[in-house]
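Commentary on secondary and tertiary structure
Each chain, written out:
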Amino acid sequence: MQNVNKITEKINSKQLIFIASDHAGYEMKENIIKFLEKKYDVQNLGCNSADSVDYPDYAVDVAKKIIKNISKYPNCKGILVCGTGSGMTITANKIKGIRAVNCFNSEMAEMAIKHNDANILCLGARILQFDAIKSIVDVFLNSEFESGRHQIRINKIHNLTEN
Ligand code: RB5
């Protein structure tokens, strides 16, 4: 019975997405949530207005949520939006187990999953239009890691430091 419950839970459960932004990404983040919320379990971790905030606080929050949830929800992902995507990427990659990528097009998003098994997508709201962001997010959430030689390379990255 327990196994049946687990299978039912898996079939019924939507993919878990943690999303956050700073002030520069606030409006774009709200639009991404609307784009995703029917199909995904989207957890909005702020910010909650366009008032100035510090992007590292939000990047760390999403990164830590991913690490906390990854054993129960192996496919959970994060999305971080700031002005350029750079600050969010730099910060999120400080957290052990995180592979955050700043993507400018859907090809980068596809390879970030297939080869790098990325678990956080960072986006620049001041760089990209919403149409481009929609296709980047869509590809990021629907591509699959190819493993094999790519897993060996990822292990080498994580063996470099405690991160
Ligand atoms: C905020 O002005 C801006 O610095 C931030 O959104 C981001 O682009 C940093 O990388």
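Only a predicted model underlies this, so the values are computations on that prediction, with no experimental measurement involved.

Tallying secondary structure elements over the protein chain gives seven helices and five strands in all. Written out in order from the N terminus, the α and β elements of the protein chain read α-β-α-β-α-β-α-β-α-β-α-α. Against the compact-globule benchmark of 15 Å for 163 residues, the protein chain has a radius of gyration of 16 Å, which places it among compact chains. Overall, the C-alpha framework of the protein chain stretches about 50 × 40 × 25 Å when taken along its three principal axes. With 163 residues in all, the protein chain has 41% of them scored as buried. Counting only contacts in the protein chain whose residues sit at least 6 apart along the sequence, the fraction spanning at least 24 positions is 69%.

Where strands meet in a sheet, backbone hydrogen bonds hold them as pairs that are either parallel or antiparallel. Sheet architecture is open: five strands sit in the order E2-E1-E3-E5-E4, paired in parallel fashion. Two strands in the sheet have a free side with no partner beyond their single neighbour: strand E2 (41-44) and strand E4 (100-102). Sheet twist, expressed as the mean angle between neighbouring strand axes with direction ignored, is 20 degrees. Summarising the sheet, E4 and strand E5 (residues 120-124) pair through three bridges and their orientation is parallel. Note that in E5 the partner of Val101 across the bridge is Leu121. This element, helix H2 (residues 26-36), spans strand E1 (16-21), E2, strand E3 (77-82) and E5 of the sheet and lies at about 160 degrees to E1. Lying over the sheet, helix H3 (residues 55-69) contacts E1, E3 and E5, oriented at roughly 170 degrees with respect to E1.

With respect to the helices and strands, the residue Ser147 is situated in the loop between helix H6 (130-142) and helix H7 (149-160). Residues Ser147 and Ile113 lie 34 residues apart in sequence; the distance between their C-alpha atoms is 9.9 Å.

Before going further, it helps to spend a moment on H2. Buried residues of H2: Met28, Lys29, Ile32, Ile33 and Leu36, and no others. Buried residues of H2, viewed axially, fall in a sector of 145 degrees; they line one side. Projecting away from the buried face of H2 at angles above 90 degrees are the exposed residues Glu27 and Lys34. Packing partners of the buried residues in H2 comprise E1, E2, E3, E5 and H6.

A few words now on the site of the ligand. Around the ligand, the neighbouring residues are Asp22, His23, Ala24, Tyr55, Cys82, Gly83, Thr84, Ser86, Gly87 and Arg126. Here an oxygen atom of the ligand sits 2.6 Å away from a polar atom, N or O, in the side chain of Asp22. Separating an oxygen atom of the ligand from a backbone N or O atom of Gly83 is a distance of 2.7 Å. Considered on its own, the ligand offers 290 Å² of accessible surface; in the complex 72% of this is hidden by protein. Residue composition of the shell around the ligand, by class: three nonpolar, five polar and two charged.

Another point: the packing of helix H5 (residues 106-114) against H6. Two numbers describe how H5 lies on H6: the axes approach to 8 Å, and their chain directions differ by 20 degrees. By the angle class used here, H5 and H6 are roughly parallel. Seen from above, H5 lies across H6 with right-handed handedness. Mapping the contact onto sequence places Ser106, Ala109, Glu110 and Ile113 in H5 and Ser135, Ile136, Val139 and Phe140 in H6. In terms of residue class, the contact of H5 with H6 is built from five nonpolar, two polar and one charged.

Conventions used here
- The residue count restarts for each chain, going from 1 along the sequence in the order it is written.
- Totals for whole chains, interfaces and linings use all residues, but because this is a predicted model, local features are given only for residues with pLDDT of at least 70 and pairs of side-chain atoms are given and counted only at 80 or more.
- Side-chain metrics in this entry use all non-hydrogen atoms of the structure; hydrogen atoms and water are not considered.
- The way it works is that DSSP assigns letters per residue, a run of H or I at least four long becomes a helix, a run of E at least two long becomes a strand, and they are numbered from the N terminus.
- In this description the radius of gyration comes from C-alpha coordinates, and the expected globular size is given by 2.2 Å times residues to the power 0.38.
- Burial status follows relative accessibility: with a 1.4 Å probe on protein chains alone, a residue under 20% of its type maximum counts as buried, one over 50% as exposed, and anything between as partly exposed.
- Note on definitions: a residue-residue contact is assigned when non-hydrogen atoms from the two residues lie within 4.5 Å.
- DSSP calls a pair of strands paired once it identifies at least 2 bridges connecting them.
- With axes taken as lines fitted to C-alpha atoms, and helix axes fitted only over the stretch in contact, angles between N-to-C directions fall between 0 and 180 degrees.
- The directions from the helix axis to the C-beta atoms are what the arc is built from.
- Residues are labelled near a given molecule or strand when at least one of their non-hydrogen atoms is within 4 Å of it.
- Nitrogen and oxygen atoms within 3.5 Å of one another constitute a polar contact, given that in protein one can donate a hydrogen and the other can accept it, and given that sequence-neighbouring residues count only through two side-chain atoms.
- Note on areas: Shrake-Rupley, 1.4 Å probe, and residue coverage restricted to the protein chains presented here.
- Here the nonpolar group is Ala, Val, Leu, Ile, Met, Phe, Trp, Tyr, Cys and Pro; Asp, Glu, Lys and Arg are the charged ones; every other residue, Gly included, is treated as polar.
- These descriptions rest on fixed angle ranges, namely under 35 degrees for roughly parallel, over 145 for roughly antiparallel, 65 to 115 for roughly perpendicular, and the rest for oblique.
- Helix crossings fall into two classes, left-handed where the near helix is turned counterclockwise from the far one by less than a right angle and right-handed where it is turned clockwise.

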